[in-house]
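# Residue-level structure breakdown
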Amino acid sequence: MIKSNRRVKNNDPIGIFDSGFGGLSIMSAIHTILPYENIIYFGDTMHSPYGSKSRNAIREYIIPIINFFIKCNVKLIVIACNTASATVSLPAIQNKIRIPIIGVILPGVKLALTSSCHRKIGIVCTESTLISQVYPKTINHFNKKLKIYQQCCPLLVPLIEEGFSNNTNVISTIAINYLEKLLYYDIDTLILGCTHYLLIKNIFASYIRNKNIKIIDSAKATAYETYNILYNMKLTNNIYNKNHGNILFFVSDNPNKFQTIGQKFFFQTINNVQQKNL
Ligand code: DGL
């Protein structure tokens, strides 16, 4: 991994990446809380979906993205993808680079721990995240008594990537089918353990409307974590800049598709998506 000795500046960008569109939900929350920050978003659309890939393959995809961000002089990296966050050892990467790097799992787990009353937490996630057991391990690290039930939902990411998230007829039947397997265990908290699922949060929410189940969405929690780190390091950009930050988009494949589908998720126009082969 590349080391950089340059001095980090307040107007350096934040680097955010995901396998594709899902991380836009995290970026949107970060942009809301930290509107003056410059951001570089990377969607690894060439290798998406990550959720069905092996640990080794995902690691090979991630290292060049981190190196790309370091070359772009980012001041903080957000792994806006549960699968990628579950696959790498964040402390090991942190030891190798000088800027902070965070994932989405810990912020989401901390939020879930404050919400679970009956001590039964359900998680919907990708196959690779489930296999990694990162959620049970992280939750039980804080509280061994909590019961954890996981359900992987392999059909959801391809449907979302194909732009079906607004076609509730197609996607809700499948999403609810997965969700019902968790409802059987009488969960009181549901973690959306894949950033893509945040884009169909309303489907999960409307199905469990009367069931007293709290939905945990890691976007805001990750955004606050980002804010706290930058604030504590005196690295927020609002001190010097009162204009909204610039956002640059890079993808490893198919920039036109990313631009068309991405803006539905980001609720803003996405311009000039650049293709970058790493
Ligand atoms: N959005 C990602 C996650 O949070 C991965 C989706 C995928 O590429 O399978 O896990």
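First, a word on scope: everything that follows refers to the structure included in this document. The model shown is predicted, which means the values in this text are computed figures rather than measured ones.

Okay, empty space enclosed by the protein next. Applying the stated rule across the entire model yields 1 cavity of 30 Å³ or more. Within this model, the largest cavity holds a volume of roughly 50 Å³. Around the largest cavity, the lining residues are Asp-18, Ser-19, Pro-49, Tyr-50, Gly-51, Cys-81, Thr-83, Thr-126, Val-157, Cys-194 and His-196. Among the residues forming the lining of the largest cavity, the class breakdown is 5 nonpolar, 5 polar and 1 charged.

A few words on the site of the ligand. For the ligand, the set of nearby residues contains 13 residues, the closest of which are Ser-19, Tyr-50, Gly-51, Thr-83 and His-196. A distance of 2.7 Å separates an oxygen atom of the ligand from a polar backbone atom of Gly-51. The separation between an oxygen atom of the ligand and a polar side-chain atom of Thr-83 is 2.6 Å. The fraction of the free accessible surface of the ligand (290 Å²) that becomes covered by protein chains is 99%. Judged by the proximity of its atoms to the pocket grid, the ligand belongs to the largest cavity. When the residues that make up the shell around the ligand are grouped by side-chain class, the tally is 5 nonpolar, 7 polar and 1 charged.

Counted under the stated rule, the structure contains 13 aromatic pairs. Joined through ring pairs, the aromatic side chains of Phe-17, Phe-42, Phe-68, Phe-69 and Phe-250 make up one cluster. A cation over an aromatic ring shows up here: Lys-211 above the ring of Tyr-207, its NZ or CZ 5.8 Å from the ring centre.

Here the focus is the pairing of strand 1 (residues 14-18). The element strand 1 is largely enclosed, with a buried count of 5 among its 5 residues. A two-sided burial pattern is seen for strand 1, the buried positions comprising Ile-14, Ile-16 and Asp-18 on one face and Gly-15 and Phe-17 on the other. For strand 1 and strand 2 (residues 39-43), the ladder comprises 5 bridges, and the chain directions are parallel. Looking at strand 2, one finds that Ile-16 is bridged to Tyr-41. Viewed along the sheet, the connection from strand 1 through helix 1 (residues 23-33) into strand 2 turns out right-handed.

Attention shifts here to the layout of surface pockets. Here the largest pocket defines a volume of roughly 510 Å³. Residue lining of the largest pocket: 23 residues in total, with Ser-85, Val-88, Leu-90, Pro-91 and Val-134 positioned closest to the centre. Counting only elements with at least two residues in the lining of the largest pocket, the list comes to helix 2 (55-71), helix 3 (82-87), helix 4 (90-96), strand 4 (101-102), helix 5 (105-115) and helix 7 (134-142). At 4 residues, the largest contribution of residues to the lining of the largest pocket is made by helix 5. The class makeup of the residues in the lining of the largest pocket is 11 nonpolar, 7 polar and 5 charged.

Rules of the game
- Residues numbered from 1 in each chain as written.
- Predicted model: local features only at pLDDT ≥ 70, side-chain atom pairs only at ≥ 80, totals over all residues.
- Heavy atoms only, no water.
- 1 Å grid on protein atoms, 1.4 Å probe; cavity = no way out; pocket = protein on both sides within 12 Å on 5 of 7 lines; lining within 4 Å.
- Points joined across faces, edges and corners; volume = space filled by probe spheres on them.
- Nonpolar A, V, L, I, M, F, W, Y, C, P; charged D, E, K, R; others polar.
- Near = heavy atom within 4 Å.
- Polar contact = N/O pair within 3.5 Å; in protein donor to acceptor, adjacent residues only side chain to side chain.
- Areas by Shrake-Rupley, 256 points an atom, 1.4 Å probe, with all protein chains shown as cover.
- Sits in = over half its atoms within 2 Å of the grid points.
- Phe/Tyr/Trp six-rings, centres within 6.5 Å; stacked < 30°, edge-to-face > 60°.
- Lys NZ or Arg CZ within 6 Å of the ring centre and 35° of its normal.
- Buried < 20%, exposed > 50% of the residue type's maximum accessible area, 1.4 Å probe, protein only.
- Helix = DSSP H or I, 4+ residues; strand = E, 2+ residues; numbered from the N terminus.
- Pairing = 2+ DSSP bridges.
- Right-handed = clockwise from strand over helix to strand, strands pointing away.

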